[in-house]
Amino acid sequence: MWNPLPESNGKDYWWAGRKGIHGSAALYRQLFDRLVNHDGLHNLVWIWEADPQDFRSGGAGMLSDFYPDCFTPM
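What you see as residue numbers is a count from 1 along each chain, following the sequence as written. Side-chain atom pairs in this predicted model are given and counted only at pLDDT of 80 or more, local residue features only at pLDDT of at least 70, and totals for whole chains, interfaces and linings cover all residues. Working from all heavy atoms in the structure, the side-chain values ignore hydrogens and water.

Q: Describe helix H1 (residues 24-38), with residues and values.
A: Counted at 1.5 Å a residue, the expected span for H1 with its 15 residues is 21 Å, and the 21 Å between its end C-alpha atoms agrees. Listing the buried residues of H1 in full gives Ser24, Ala25, Ala26, Tyr28, Arg29, Phe32, Leu35 and Val36. To qualify as a helix, a DSSP run of H or I must reach at least 4 residues; to qualify as a strand, a run of E must reach at least 2; elements of each kind are numbered from the N terminus. Gly40 sits one or two positions beyond H1 and adopts a positive phi of about 75°. To estimate how far a helix should reach, multiply one less than its number of residues by 1.5 Å. Only protein chains enter the calculation, and the probe is 1.4 Å; a residue is then buried if its accessible area is under 20% of its type maximum, exposed if over 50%, and partly exposed in between.

Q: Which residues make up the packing of aromatic side chains, and what are the values?
A: Each aromatic pair joins two rings of Phe, Tyr and Trp (for Trp, the six-membered one) with centres within 6.5 Å, and gets the label stacked for planes under 30 degrees apart, edge-to-face for over 60, and tilted for any other angle. Under the counting rule described, the total for this entry stands at six aromatic pairs. For the pair Trp14 and Trp15, a centre-to-centre distance of 5.7 Å together with 85° between the ring planes defines the contact as edge-to-face. Judged by its relative accessible area of 13%, Trp15 falls in the buried class. Judged by centre distance (5.7 Å) and plane angle (65°), the ring pair of Tyr28 and Trp46 falls under edge-to-face. Remark: Trp46 occurs in the segment after H1 and Tyr28 occurs in helix H1; sequence separation between them is 18 residues. You'll find Tyr28 and Trp46 in the same group, each marked buried. The structure contains a cluster of three or more aromatic residues connected by ring pairs, namely Trp2, Tyr28, Phe32 and Trp46.

Q: Before we move on, could you go through unusual backbone geometry and cite the residues and values that matter?
A: The phi torsion at Glu7 lies on the positive side, around 50°, for a residue other than glycine. By secondary structure assignment, the location of Glu7 is in the segment before H1. Note on Glu7: relative accessible area 19%, which makes it buried.

What follows is the structure, given as structure tokens:
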């Protein structure tokens, strides 16, 4: 089981908390593409973990803003 970027919608890590198609989700997709398509790793169970949704000012917001969806074309 492989969890490369935990809490991608949080504020605790340098990769986290960046919304949109070019945000935290893009980094996850790039890592997926590199390890699967370039390095040929096909035995990983990919885990996407997120903080609970928080709609207060400065909160994590909608989970859909950070979901990487690696199985659709980029």
